[in-house]
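Examining the three-dimensional arrangement
The chain contents come next:
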Amino acid sequence: MHRRDGNRTHVNDCVPSSRFCLVAQGASRVELGAGMATFKTVMSAESTLFPPSWVEDLLGKYTGQMELVAETIIGAAHLSDTDLHAEVRKTYEKVLKRVSELGYHPVRFWNNVPRITTPASRQRNRYMVFNEGRYDALAHFYGNASHFDQHMPTATAVNAGGDHVKIFCLCADKPSTPLNNPRQVAPYHYSKRFGHLPPCFARAVRLTHPANWLVVGGMAAIRGEDSVYREDLSRQIQETFTNLAALIAAARGETCVSQKHTATYLLAYRELRIYFPNLEHESQIREATRAAFKNVQRVEMVLADLCREELLVEIEGIAELGE
């Protein structure tokens, strides 16, 4: 099995007759082929985590209304658990301070967390340590955790390679509206089985501008707070699609997603990014996505370790909800 880690395979291989490309670190954002959607797969020996292409488009269109703030914790992979906690808190506080100085509101985070599932002290892993620092910073920023339901941004945290924690924050001059999935526990309400302090993000946020845009954080085969269908890629893909559909239903004020209507809800998505840890799964994930998301214009696929070892795919994106 090929599972990515900090010493990731370096690939630059464009496949004929296919609408995707394996792109090495430092290459331009190649998009190949014509048709409903273009596919791009990213793998490299360095961290390739950066916000998806749609962010650049959004910043260009809404200059003066949206901004991207970024910070890096150099060599975070080699920090002790105590130091990682402290550095994550300090760096998140720095990002949030900059957002406040701009007069903006955080709406979406991307986090690269090296050695994300590596065991740590006190029955934790490195992601749980990261979460403790993030929780402390966000609780301080919002006053206390009781305000999370009203203000929480959405987010993704993966290990896309390299030794550094990278934090990107998309912020806007108007606050977004958090949205959670009725099929899942809100991450910041997870039990202590997932760490002494929970991960802090909403499943999605609804933007003020562009109006009726839903920005969706990393979704996976999680029901309630538990991973489902371990070692079954096909069923994990379908469960993830159902969760993505459920967010569209919830945003439209509907609470029940039947299998029959999942395909209709998925038509709302316009852009996707897919994270997956096993290279041999790329083709199956790509073909399932191509079949399910008829209105998606662009799909970025990133080889990355996810926050739980049993998860095989994680999908984020943006959707247009309509009037």
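To be clear, the structure that these remarks concern was listed above.
Figured I'd write up the structure that's included with this text. Owing to the predicted nature of the structure, the values given are computational and were not obtained by experimental measurement.

**Remarks on the overall build of the protein chain**
Counting its secondary structure elements, the protein chain contains seven helices and 15 strands. Within the span of the protein chain, comprising 323 residues, buried residues form 58% of the whole. Sequence-distant contacts in the protein chain: of pairs separated by 6 or more residues, those separated by 24 or more amount to 75%. As displayed, the protein chain offers around 13,100 Å² of accessible surface, 50% of which is attributable to carbon and sulfur atoms.

**Topic: the packing of aromatic side chains**
All chains considered together, the criterion is met by 11 aromatic pairs. Relative to phenylalanine 148, the ring of tyrosine 135 has its centre 5.6 Å away and its plane inclined at 80°; by these criteria the two rings are edge-to-face. Taken together, the residues tyrosine 135 in helix α3 (residues 126-142) and phenylalanine 148 in helix α4 (residues 148-151) connect sequence positions 13 residues apart. In terms of burial, tyrosine 135 and phenylalanine 148 fall into one category: buried. Between tyrosine 269 and phenylalanine 293, the aromatic rings sit 5.7 Å apart at their centres with planes inclined by 80°, giving edge-to-face as the arrangement. Of this pair, tyrosine 269 sits in strand β13 (residues 269-276) while phenylalanine 293 sits in the loop between α7 (282-292) and β14 (298-303), placing them 24 residues apart in sequence. Of the two residues, tyrosine 269 and phenylalanine 293, both sit in the buried class.

**With respect to the packing of helix α2 (residues 81-101) against α3**
Where α2 contacts α3, the axes come no closer than 8 Å and their chain directions differ by 35°. Considering only the axes of α2 and α3, their crossing is right-handed. Seen from α2, the contacting residues are Asp81, Leu84, His85, Val88, Arg89, Tyr92, Glu93, Leu96 and Ser100; seen from α3, they are Arg126, Val129, Phe130, Glu132, Gly133, Arg134, Asp136, Ala137, Leu138, His140 and Phe141. Along the lines of polarity and charge, the residues of the contact of α2 with α3 split into nine nonpolar, four polar and seven charged.

**Concerning the pairing of strand β10 (residues 213-219)**
A large share of β10 lies buried, amounting to six of its seven residues. Note: strand β9 (residues 204-206) against β10, three bridges, orientation antiparallel. Residue valine 205 lies in a different strand from β10, and its bridge partner there is valine 215. Where β9 folds back onto β10 in an antiparallel hairpin, the turn is made up of six residues, including asparagine 212, whose phi is positive at roughly 70°. Relative to strand β15 (residues 314-320), β10 runs antiparallel, the two sharing five bridges. When the bridges of β15 are listed, leucine 214 appears paired with alanine 319.

**Thoughts on the pattern of salt bridges**
Scanning the model with the defined rule gives 21 salt bridges in all. We note a salt bridge from glutamate 93 to arginine 89, for which the minimum N-O separation is 2.8 Å. Linking glutamate 93 with arginine 89, this pair stays in helix α2, spanning four residues, or about one helical turn. Put simply, arginine 193 and glutamate 225 hold a salt bridge, and the shortest N to O gap is 2.9 Å. Of this pair, arginine 193 sits in the loop between β8 (177-179) and β9 while glutamate 225 sits in the loop between β11 (222-223) and β12 (226-227); the two residues are 32 residues apart in sequence, bridging distant segments of the chain.

**Things to note about the environment of tyrosine 104**
With respect to the helices and strands, tyrosine 104 occurs in the loop between α2 and β5 (105-112). For the pair formed by tyrosine 104 and alanine 172, sequence separation is 68 residues and the distance between their alpha carbons is 5.1 Å. Tyrosine 104 has contacts with Gly64, Gln65, Met66, Glu67, Val99, Cys171, Ala172 and Asp173, leaving out every residue within four places of it along the chain. Polar side-chain contacts of tyrosine 104 include one of 2.8 Å to the backbone oxygen of glycine 64.

**Concerning the pairing of strand β6 (residues 154-158)**
Residues in a regular strand point their side chains to alternate faces of the sheet. Counting buried positions along β6 yields five of five residues, so the element is predominantly enclosed. Direction of pairing for β5 relative to β6: parallel, over a ladder of five bridges. Within β6, the residue paired with asparagine 112 across the bridge is valine 158.

Thresholds, definitions, all that
Residues numbered from 1 in each chain as written. Predicted model: local features only at pLDDT ≥ 70, side-chain atom pairs only at ≥ 80, totals over all residues. Heavy atoms only, no water. Helix = DSSP H or I, 4+ residues; strand = E, 2+ residues; numbered from the N terminus. Buried < 20%, exposed > 50% of the residue type's maximum accessible area, 1.4 Å probe, protein only. Contact = heavy atoms within 4.5 Å. Areas by Shrake-Rupley, 256 points an atom, 1.4 Å probe, with all protein chains shown as cover. Phe/Tyr/Trp six-rings, centres within 6.5 Å; stacked < 30°, edge-to-face > 60°. Axes fitted to C-alpha atoms, helices over the stretch in contact; angles between N-to-C directions. Left-handed = near helix turned anticlockwise from the far one by under 90°. Nonpolar A, V, L, I, M, F, W, Y, C, P; charged D, E, K, R; others polar. Pairing = 2+ DSSP bridges. Salt bridge = Lys/Arg side-chain N within 4 Å of Asp/Glu carboxyl O. Polar contact = N/O pair within 3.5 Å; in protein donor to acceptor, adjacent residues only side chain to side chain.

These values are about where atoms sit, not about what they do.
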